Amino acid sequence: MGEIEQRPTPGSRLGAPENSGISTLEHGQKPPPTPSGKLMSVRIQMLDDTQEAFEVPQRAPGRALLDAVCSRLNLVEGDYFGLEFPDHKKITVWLDLLKPIVKQIRRPKHVVVKFVVKFFPPDHTQLQEELTRYLFALQVKQDLAQGRLTCSDTSAALLISHIVQSEIGDFDEASDREHLAKNKYIPQQDALEDKIVEFHHNHIGQTPAESDFQLLEIARRLEMYGIRLHPAKDREGTKINLAVANTGILVFQGFTKINAFNWAKVRKLSFKRKRFLIKLRPDVNSSYQDTLEFLMASRDFCKSFWKICVEHHAFFRLFEEPKPKPKPVLFSRGSSFRFSGRTQKQVLDYVKEGGHKKVQFERKHSKIHSIGSLATQPTEPNSEVPKQAQQRASLTFGEGAASPGGQSCQPGRDPTASAEERGPQRNPTPQRSPAGSTKADGAGRAETEEEEEVVTDRTQQSRPRPPQPSTGSLTGSPHLSELSINSQGGATNTILSPNLSPDAKQASPLVSPLLNDQVGPRTDDEDDGRRKRFPTDKAYFIAKEVSTTERTYLKDLEVITSWFQSTVSKEDSMPETLKSLIFPNFEPLHKFHTNFLKEIEQRLALWEGRSNAHIRGDYQRIGDVMLKNIQGMKQLAAHLWKHSEALEALETGIRGSRRLESLCRDFELQKVCYLSLNTFLLRPLHRLMHYKQVLERLCKHHPPSHADFRDCRAALAEITEMVAQLHGTMIKMENFQKLHELKKDLIGVDNLVIPGREFIRLGSLSKLSGKGLQQRMFFLFNDVLLYTSRGLTASNQFKVHGQLPLYGMTMEESEDEWGVPHCLTLRGQRQSIVVAASSRSEMEKWVEDIQMAIDLAEKSSGPAPEFLASSPPDSKSPEEAAGDQESEDDLSASRTSLERQAPHRGNTMVHVCWHRNTSVSMVDFSVAVENQLSGNLLRKFKNSNGWQKLWVVFTNFCLFFYKSHQDSHPLASLPLLGYSLTIPSESEDIHKDYVFKLHFKSHVYYFRAESEYTFERWMEVIRSATSSASRAHVLSHKESHVY
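Predicted model, so just to flag it, every value in this text is computed and none were measured.

1. Some points on the packing of helix α13 (residues 538-570) against helix α27 (residues 1012-1026)
Relative placement of two packed helices is described by the angle separating their axes and the distance separating the axes. Here α13 crosses α27 at 50 degrees, and the two axes come no closer than 9 Å. As far as their axial angle goes, α27 and α13 are oblique. For the pair formed by α13 and α27, the contact residues are Lys-538, Phe-541, Ile-542 and Glu-545 on the first element and Tyr-1013, Thr-1014 and Arg-1017 on the second. Looking at the contact of α13 with α27, its residues break down into three nonpolar, one polar and three charged.

Structure, rendered in structure tokens:
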């Protein structure tokens, strides 16, 4: 009698492991002791219409039953769900999680409790788990069938078409009509059958997970999404319906919303017998009375609705569960009811910090062999949003594996095994790769390590590609999930990094720097022995840095001279004048630097004694090689001057030709183009600065009497002169390039790039609105401040919501006024907004830059002209904006337009800032240009024993990992914004020299350098990415150098 009966469960049907944990517990928290005593059996009806019996102690609180259901389903985000049942008065109520079950369900044998969605978030991308989205999709399906989710015929047909795609797969008219005949998804379905079939034809290639995502994307825009109507009357006796949502309390007449009371407007909710009372905050502009009164059918109906309102307010508006009120000594007045459980913010934080493991599950109604998440690693929000990415690591694709154009991402494989792609297939079947038995470099425990995102080929799925061997391991990086994989509109976009992730498009996860296959283990003794044979002079390592960075520079030049030129030659989309401006000015540089690199490597070979061990002295120098080649470089100055012209001409050509725009966009999706295309056009200008820095270090190191000092000083004078001549062009082009790069990330801005506009800072801030604090991306220029939200499009761009001209703007800290930490109020001439930063230091950076921008705007001739032609300034109040809904009739059209968009890079700095909740300025970008480095490093995970040798390139705030310097493209990358850089402590048991540690939340990486100099250099450049310098410090630094 003391044992809980074991029966087939929904969890076992979904393939979930038993006893996988209780979803509502925080890290390290144990479930409360289960009350002993007599057990009662409760029947639960699941969202897939099956019924399961649960036996719980009679005295157990309602939470014990909900936790038991979530545990069986292995549902991590169970806080969005609830249990409802008809009470003894036949009123449907929610199970109170604090009260004993026996006091609520009096006759459990005759009652069926329903497990349903209770809290509908405003944005389905906030749902991190594929299983959660699947259950939400089942709820939408159920609401359609029951007539709760009313909508236009077009919207209904579109919703059902996604359900059909999820259940039977790709379009086949005969199968569709047979399936629709057997399954009724909505009343009067027959009249919509042709429309459903027509829409279903557009979903070919869409996985069940993607169908769920699109279903929720459409449903969330409908007025009745998540709405449960409660009959009432107003003071005049007019019949109305009340409802509660994440935004506040809604008033309906029939199925038409006639009013909304945002949570920000509501001061107090109460009920008195049958009267439901809403006390509003005073508003001089409002015609409403201070207190609104609605009459409901009975006290029980009224109290039930009041409870639901209290729970919705707490779940969506509070940061943490409200504490219970102290019990009165004598008697109590009013209800003691309170919300119990985690708030939405706590749920998001819990999943974000890796408090769960993804599991495999099946869909009951789906005839497709659909496998859910197999990753055992923690993931960031949106890490499971439907995406398809190249499978790597220990899984191989079986028959029909996705081609590079459309692959399924299965994070969580053994990063030490390799995988092969065997041809185009939609649903990969996990199989052990033959290489899976070979562990690389002591990575026996690599399964538990965080992984970086792998850069995969991001080309259109519609283009057949021959099978290619996979080169790395895929990942499920916990933090950039949203960034890593992009698969909407039939295309794959695996980024360098954000399950960004996500949902789209974002799969915000990093995978382990791959190097699994063919990386043999190396013993520490071998490394030490090899290091001892090298020279120990600091000048040697400075010279070696010239060699390693020159290799990377040559590869960057080849992106233009070889890869891009080859792509252009295959398609007649670039004008000959543009070709003659770009390629003839890069090819001479590539040829020159190829010879330059050979000379440097020959000198290093002599210096190391590999060629002539007896030679000393004359060959232990690099200044003469540098001087000779820098003088030769001056002969190429005419080509360098043309690069800025080439960049402007290319952007002009892209603006005027859709074919050229498409060609460049597709090229940027290739693995070899690991940065934006226009960045590579500026590489020659950046490289001059690097030569100058190296020569400065050599001159500082050598005493004047040293044989190499004179040549180094002469070379420094030559390169300084070149940098000075190109300095103005470099500053102008960097701003020009950054504006065009930002333009690709934004939707709703027509003429962002205009003469005189300068980019200052971008980053994530929380904007206070009627829905509470909502994450937004802000873009600060010298004349305007834009705020955006991440778009739910295949291109994963950010949609502009509004602009605040800086002319006449004032700014003040307002933490006390709003009770929000690190809070600012920005008052424009037409609109004011309240924003909050993630930390005090972030707020100070924004304050400094915004104030500087305001001062610049005030010194200008006047207000900047409007430039967001397609998205006028958002002058609505937060409450009005929150109530906006997309017209149902437009849903089909908008869906079609989204499908036409090509995938967009998800690894841009904008997405990294979004997922890491931070910001970067133009000053930071300029510093990053100066701090670029390449070379071999040994890498080790937190729990692994061995070290792997990788070729690592640091640029653009990111580490890119290669197997060797000969590889044409990176296998994985690690964006460093938000990471901490430290030295390992004694307790970490590293016991090696020249080791530094990178860590972000639970993700830890150790790297070993070969010498003290290279160790210090890696620390220096990485620190520039993980902690931005103050503007004053950077400017003073710039003044001391020519650039």
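2. Section: the environment of Val-753
Counting through the fold element by element, Val-753 comes out in the loop between β16 (746-747) and β17 (759-769). By relative accessible area, which is 24% here, Val-753 ends up partly exposed. Taking the C-alpha atoms as reference, Val-753 lies 6.8 Å from His-740; in sequence the two are 13 residues apart. With sequence-adjacent residues up to four places away left out, Val-753 is seen in contact with Phe-736, Leu-739 and His-740.

3. Focus on the packing of aromatic side chains
A ring pair, where both rings are aromatic, is described by two values, the distance of the centres and the angle of the planes. Evaluated as defined, the whole model comprises 32 aromatic pairs. Ring geometry for Phe-798 versus Trp-914: centroids 5.5 Å apart, planes at 65 degrees, classification edge-to-face. Here Phe-798 is found in strand β20 (residues 798-805), whereas its partner Trp-914 is found in helix α25 (residues 909-916), with 116 residues between them in sequence. By relative accessible area, which is 10% here, Trp-914 ends up buried. Directly above the aromatic system of Phe-54 lies the positively charged group of Arg-72, at a separation of 3.8 Å from the ring centroid. Above the plane of the ring of Trp-947 lies Arg-1008, whose end atom (NZ or CZ) is 5.0 Å from the centre.

4. Things to note about the sheet that holds strand β1 (residues 39-45)
Here five strands make up an open sheet; going across it, the order is β2-β1-β5-β3-β4 and the pairing mixed. A single partner strand is all that each edge strand has here, and the edge strands are β2 (51-57) and β4 (92-94). Here the average twist between neighbouring strands, direction ignored, is 35 degrees. Here helix α2 (residues 62-73) sits on the sheet and contacts β1, β2, β3 (81-86) and β5 (112-117); the angle it forms with β2, its principal contact strand, is near 130 degrees. Those strands touched by helix α4 (residues 130-145) are β3 and β5, and its axis lies near 110 degrees from that of β5.

5. Regarding the confidence of the model for the protein chain
As a note on interpretation, predicted positions should not be read in detail where pLDDT is low. In this model, the protein chain carries a mean pLDDT of 75, and residues with pLDDT of at least 70 account for 70%. Taken together, the stretch residues 869-905 has pLDDT below 50 and engages in 89 contacts with residues farther than four places along the chain or on a different chain.

6. Describing the pattern of salt bridges
According to the stated counting rule, one finds 44 salt bridges in the structure shown. Ionic pairing is found between Arg-1017 and Glu-545, a salt bridge with its closest N-O pair at 2.9 Å. Placement of Arg-1017 in helix α27 and of Glu-545 in helix α13 is noted, with a sequence separation of 472 residues between them. Judged by its relative accessible area of 4%, Arg-1017 is buried. Salt-bridge contacts for Lys-628 lead to Glu-599; the nearest nitrogen and oxygen are separated by 3.2 Å. Placement of the pair is Lys-628 in helix α15 (residues 623-634) and Glu-599 in helix α14 (residues 576-608), with a sequence separation of 29 residues. Residues joined in a network through salt bridges with shared partners are Arg-603, Arg-621, Asp-624, Asp-708 and Asp-711.

7. Details of the nonpolar core
Ile-44, Phe-115, Phe-276 and Ile-278 are the most contacted members of the largest nonpolar core, which has 98 residues in total. Setting aside residues no more than four positions away along its own chain, Ile-44 makes contact with Thr-50, Gln-51, Glu-52, Phe-54, Leu-65, Val-69, Leu-83, Val-113 and Phe-115.

8. Overview of the sheet that holds strand β26 (residues 948-955)
Across the sheet, which stays open at both edges, the seven strands sit in the order β28-β27-β26-β25-β31-β30-β29 with antiparallel pairing between neighbours. Of all strands in the sheet, those bounded by a partner on one side alone are β28 (972-975) and β29 (980-982). Strand-to-strand twist across the sheet, computed as the mean angle between neighbouring axes with direction ignored, equals 35 degrees.

9. With respect to the packing of α15 against helix α20 (residues 709-745)
In the contact formed by α15 and α20, the axes pass within 8 Å of each other and the chain directions differ by 25 degrees. Put simply, α15 runs roughly parallel to α20. The crossing of α15 and α20 is left-handed. Two secondary-structure elements touch here, α15 through Gly-623, Asp-624, Met-626, Leu-627, Ile-630, Gln-631, Met-633 and Lys-634 and α20 through Asp-711, Cys-712, Ala-714, Ala-715, Glu-718, Ile-719, Glu-721 and Met-722. Of the residues assigned to the contact of α15 with α20, the class counts are nine nonpolar, two polar and five charged.

10. Things to note about the pairing of β5
Judged from the three bridges that link them, β1 and β5 form a sheet pairing that is parallel. Within β5, the position partnered with Gln-45 by the bridge is Lys-114.

11. Concerning unusual backbone geometry
Notably, Asn-74 is not glycine yet its phi reads approximately 55 degrees, a positive angle. Position of Asn-74 relative to the elements: it lies in the loop between α2 and β3. A positive phi is found at Asn-956, a non-glycine position, where the angle reads about 55 degrees.

Criteria and thresholds
Residues numbered from 1 in each chain as written. Predicted model: local features only at pLDDT ≥ 70, side-chain atom pairs only at ≥ 80, totals over all residues. Heavy atoms only, no water. Axes fitted to C-alpha atoms, helices over the stretch in contact; angles between N-to-C directions. Helix = DSSP H or I, 4+ residues; strand = E, 2+ residues; numbered from the N terminus. Parallel < 35°, antiparallel > 145°, perpendicular 65-115°, else oblique. Contact = heavy atoms within 4.5 Å. Nonpolar A, V, L, I, M, F, W, Y, C, P; charged D, E, K, R; others polar. Buried < 20%, exposed > 50% of the residue type's maximum accessible area, 1.4 Å probe, protein only. Phe/Tyr/Trp six-rings, centres within 6.5 Å; stacked < 30°, edge-to-face > 60°. Lys NZ or Arg CZ within 6 Å of the ring centre and 35° of its normal. Pairing = 2+ DSSP bridges. pLDDT = per-residue confidence, 0-100. Salt bridge = Lys/Arg side-chain N within 4 Å of Asp/Glu carboxyl O. Core = buried A, V, L, I, M, F, W, Y, C linked by side-chain atoms within 4.5 Å. Left-handed = near helix turned anticlockwise from the far one by under 90°.

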